[in-house]
Amino acid sequence: MNTAQSNTASQSDFIREIIDDDLKTGKHEGRIATRFPPEPNGYIHIGHAKSVCLNFGIAARYGGTCNLRLDDTDPSGESLEYVDSIKDNIHWLGFDWGDRLFFASDYFERLYQFACELIKMGKAYVCSLNADEIREYRGNFTEPGKESPYRSRSIEENLELFTRMRAGEFEDGAHVLRAKIDMSSPNIVMRDPVIYRIKREPHYRTGAKWVIYPMYDFAHCLSDALEGITHSICTLEFENNRPLYDWIVEQLIESHRPQQIEFARLNLSYTVLSKRMLIELVEEGYVKGWDDPRMPTVAGMRRRGYTPRAIRNFCAVIGVAKNENLVDISVLEHCVREDLNETAPRAMAVLKPLRVVIDNYPEGKSEEFECANHPQKPEMGMRTVPFSRILYIEQDDFQENPPGKYKRLAPGQEVRLRNSYVIRYESIVKDQKSGEIVEVHCTYDAETRNGPPPDGRKIKGVIHWVSAAHAIPAEIRIYDRLFRVPDPAGESGDFKDYLNPDSLEVLSPCYLEPSFKDAVPGNAYQFERLGYFCADSGDFLPDRPVFNRIVALRESWVKNS
RNA sequence: UGGGGCGUCGUCAAGCGGUAAGACACAGGAUUUUGGUUCCUGCAUUCGGAGGUUCGAAUCCUCCCGCCCCAGCCA
């Protein structure tokens, strides 16, 4: 059993404890029903993934159900593109709602009827104050609100007006429907909240059929009730709305009332998880789209090469609680490495090439090495890697004046070429003008082909390489954190001022060992000593390979002075 | 300021009156043809603070302090 599964199975948190108690007391006759309710006005991100894992995870754990419900009660900004992306992303994460796909917009008629019922009970009224007036009448934290002059309209008048609102007889903002609760409630949410507004905007699903739309507070709880949800899990900022949730449900629902439970949303360091900010990054071109590999969106992480299992495990590892949190991105990266270490085949690639000539290796000769695809997993097989007189190594793997504990190639030094021979430094060739090192000359020790030097001398360094004559040129995109500061949303001023200018570095040409001729877009590999990379699912072409760096390997060696 | 929440290691997070789990990060060391992996070891005498109850308190009580959310016809 892998870590992700075992973690998920044994997971416990205050919500599961509540459910355990409910099960004990027979609260919902042993039935557990959750839902994941995104609004289709953007792509889902890692924060949503936490909620997806929670809601679907609970359903799975208790043999319950989890609905996917698109909470599409405000037509502005909503679209089918977002619906499709959300469905696709949830499936990719590894969850399935089966036939339990719902739309709040499918409930518009029933919600309308519920609103009429509320009016008939004398618990809702049409208010004709404008938006500014409603705000004024609402009062503030210290002063109670004032009752709207329209609060005492008769049921008949309310019904007639509401009917005419639906019929489209009024302009936007002319009237709203309000719940009649308590204008002096210390909880501002309860001061006669607006539950319907006029909005002459076509809806991506219902078209022009409706010109009035229910507000979240009215639609959400009733949608939950309509679907038989038992535990309606949402984030902390809705705590203030819970009394209203309960109030509406109590007025209109006889039995099987859903219960709202709030948990702390995820915050991740060095990125933003606010839909508004994410939209801004996409629309203003700071990134290349919702699936830009730097984005914390599910689509972005997918393209970057993060795996569903890594993301699920991350969600399990960070836990569910009510504390405001800022989870360090290193936890996510750890989960990604943990998964990829198990599954990614190893191979060699050189990002910043430096030519190496093996002086004592015959020109025109080449040979092949059988290399393991995974050092600890023989079942992952072998591949052949060609060797010849001219190679590329990493520029970082040679230094003319190396620091203290440098274990790579340097004057007077020997180094192991990974899976191949030990070579010894002989000389360098520099560019006359720039002084830049253009070529390193070495000699190889033919006796080190299959093992350590027979004379017993120790070789401490191992570096990766690619045979120049056989190399596949490629473009490699190195991604770094999107922001320079841990909490860009919490900084003063424009969050975009904190963008990391070096979040993308494009390297080309890089050289890959020839086994990459079979690389499959979307597949992840470990470029030994460098990190995990995946063939880009968007731009990869057989004759122009493009790879993304998913995450670097852990680096315990720090270059000091 | 009224209301609603939350304060346990640098960051997450267990703990539910019996004497501070775990993860990430960090620091050492071992093994290693990846400075990777793996494996050891260290890392909160103390739980926002102060009082109190108790044989015993992170857990119960009181007061105080700090942070977050709410004044959209967004969700």
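Residues numbered from 1 in each chain as written. Chains lettered and ligands numbered in written order. Predicted model: local features only at pLDDT ≥ 70, side-chain atom pairs only at ≥ 80, totals over all residues. Heavy atoms only, no water.

### Quick notes on the pattern of salt bridges
Logical step 1: Scanning the model with the defined rule gives 45 salt bridges in all.
Logical step 2: With a shortest N-O distance of 3.4 Å, Asp 539 and Arg 303 are connected by a salt bridge. Residue Asp 539 is located in the loop between strand E24 (531–535) and strand E25 (546–552), and its partner Arg 303 is located in helix H11 (residues 298–304); the two are separated by 236 residues in the primary sequence.
Logical step 3: For Asp 539, a relative accessible area of 29% gives the class partly exposed.
Logical step 4: For Arg 529, the salt bridge identified is with Asp 397, shortest N-O distance 2.3 Å. Within this pair, whereas Arg 529 is found in the loop between strand E23 (524–527) and E24, its partner Asp 397 is found in the loop between strand E15 (390–394) and strand E16 (414–417), the two being separated by 132 residues in sequence.
Logical step 5: Each of Asp 291, Arg 303, Glu 475, Arg 477, Asp 536, Asp 539 and Arg 544 takes part in a single network of salt bridges with overlapping partners. (Salt bridge = Lys/Arg side-chain N within 4 Å of Asp/Glu carboxyl O. Helix = DSSP H or I, 4+ residues; strand = E, 2+ residues; numbered from the N terminus. Buried < 20%, exposed > 50% of the residue type's maximum accessible area, 1.4 Å probe, protein only.)

### Let's talk about the protein's contact with RNA strand B
Logical step 1: Close contacts around RNA strand B come from 67 residues, with Thr 142, Arg 346, Arg 418, Gln 526 and Ser 556 the closest.
Logical step 2: Sugar plus phosphate, as a fraction of atoms of RNA strand B within 4 Å of the protein: 58%.
Logical step 3: A distance of 2.9 Å separates a sugar or linking oxygen of RNA strand B from a polar atom in the side chain of Asn 323.
Logical step 4: One nitrogen or oxygen atom from the side chain of Gln 376 is found 2.8 Å from a base nitrogen belonging to RNA strand B. (Near = heavy atom within 4 Å. Polar contact = N/O pair within 3.5 Å; in protein donor to acceptor, adjacent residues only side chain to side chain.)

### Observations concerning the packing of aromatic side chains
Logical step 1: The tally for this structure, following the rule as stated, stands at 30 aromatic pairs.
Logical step 2: Summarising the aromatic geometry, the rings of Phe 369 and Tyr 421 are spaced 5.5 Å apart at their centres and angled 80° between planes, so their arrangement reads as edge-to-face. Residue Phe 369 is found in strand E13 (residues 366–372), and its partner Tyr 421 is found in the loop between E16 and strand E17 (422–430); the two are separated by 52 residues along the sequence.
Logical step 3: Of the residues examined, Phe 369 reaches a relative accessible area of 3% and is grouped as buried.
Logical step 4: Relative accessible area serves as the criterion here: at 4%, Tyr 421 is assigned to the buried category.
Logical step 5: On the basis of an interplanar angle of 75° and a centroid distance of 6.5 Å, the ring pair of Phe 369 and Trp 465 is categorised as edge-to-face. On the criterion of sequence distance, the pair formed by Phe 369 in strand E13 and Trp 465 in strand E20 (residues 465–467) is long-range, its members being 96 residues apart.
Logical step 6: Grouped by ring-pair contacts, the aromatic residues Phe 108, Tyr 112, Phe 162, Tyr 196, Trp 210, Tyr 213 and Phe 218 constitute a single cluster. (Phe/Tyr/Trp six-rings, centres within 6.5 Å; stacked < 30°, edge-to-face > 60°.)

### Here's the deal with the sheet that holds strand E2 (residues 65–70)
Logical step 1: In spatial order, the strands read E1-E2-E3; together these 3 strands make up an open sheet with parallel pairing. A strand with exactly one partner marks an edge of an open sheet, and here the two such strands are strand E1 (33–36) and strand E3 (101–103). Looking at each pair of strands side by side, their axes are set apart by 35° on average, direction ignored.
Logical step 2: By the bridge criterion, 3 bridges tie E2 to E3 in an arrangement that is parallel. Within E3, the residue paired with Leu 68 across the bridge is Leu 101.
Logical step 3: With respect to the sheet, helix H3 (residues 46–61) is in contact with E1 and E2, its orientation differing from that of E1 by roughly 160°. (Pairing = 2+ DSSP bridges. Axes fitted to C-alpha atoms, helices over the stretch in contact; angles between N-to-C directions. Contact = heavy atoms within 4.5 Å.)

### Topic: unusual backbone geometry
Logical step 1: Of note, the amide linkage connecting Ser 508 to Pro 509 takes the cis form, showing an omega dihedral of -5°.
Logical step 2: As for its placement among the helices and strands, Pro 509 is situated in strand E22 (residues 504–512).
Logical step 3: In this structure, Asn 419 takes a positive phi of about 65° despite not being glycine.
Logical step 4: Within the element layout of this structure, Asn 419 appears in the loop between E16 and E17.
Logical step 5: Judged by relative accessible area, Asn 419 falls into the partly exposed class, the value being 26%.

### Looking at the domain arrangement of chain A
Logical step 1: For chain A, the domain assignment lists domain 1 (3–263), domain 2 (275–346 + 474–551) and domain 3 (349–464).
Logical step 2: Counting residues at the interface gives 30 residues for domain 1 and 29 residues for domain 2.
Logical step 3: Between domain 1 and domain 2, the buried area comes to about 2600 Å², and carbon and sulfur atoms account for 68% of it.
Logical step 4: It is Ile 46, Lys 50 and Trp 92 in domain 1 that bury the most area against domain 2; as a group they hold 28% of the surface buried on that side.
Logical step 5: Taking the shortest distance from any N to any O, the salt bridge between Asp 88 and Arg 302 comes out at 3.2 Å.
Logical step 6: Here domain 1 and domain 2 share 7 residue pairs in polar contact (both at pLDDT 80 or more) between them.
Logical step 7: Sort the elements by how many residues they give to the side of domain 1 that touches domain 2 and H3 lands first, with 6 residues.
Logical step 8: Here the residues of the side of domain 1 that touches domain 2 sort into 15 nonpolar, 9 polar and 6 charged. (Domains from an automatic or database assignment. Buried area = accessible area lost by both parts, 1.4 Å probe. Nonpolar A, V, L, I, M, F, W, Y, C, P; charged D, E, K, R; others polar.)

### Observations regarding the nonpolar core
Across soluble globular proteins, you tend to see nonpolar side chains buried next to one another.
Logical step 1: Ranked by size, the top nonpolar core spans 42 residues in total, and within it Ile 46, Ile 90, Ile 311, Phe 314 and Ile 550 carry the most contacts.
Logical step 2: Listed by contribution, the elements that provide at least two residues to this core are H3, E2, helix H4 (80–93), H11, helix H12 (308–318), helix H13 (329–343), E24 and E25.
Logical step 3: For this core, the element with the most residues is H3, which contributes 6 residues.
Logical step 4: Two domains each provide a minimum of three residues to this core, namely domain 1 (3–263) and domain 2 (275–346 + 474–551).
Logical step 5: Residues in contact with Ile 90, not counting those within four places in the same chain, are Phe 36, Ile 44, Val 52, Phe 56, Leu 68, Phe 95 and Trp 97. (Core = buried A, V, L, I, M, F, W, Y, C linked by side-chain atoms within 4.5 Å.)

### Some remarks on the side chain of Ser 79
Logical step 1: The topology assignment puts Ser 79 in the loop between E2 and H4.
Logical step 2: A relative accessible area of 19% means that Ser 79 is categorised as buried.
Logical step 3: Once you skip the residues sitting within four places of it in the chain, Ser 79 turns out to touch Pro 40 and Tyr 204.

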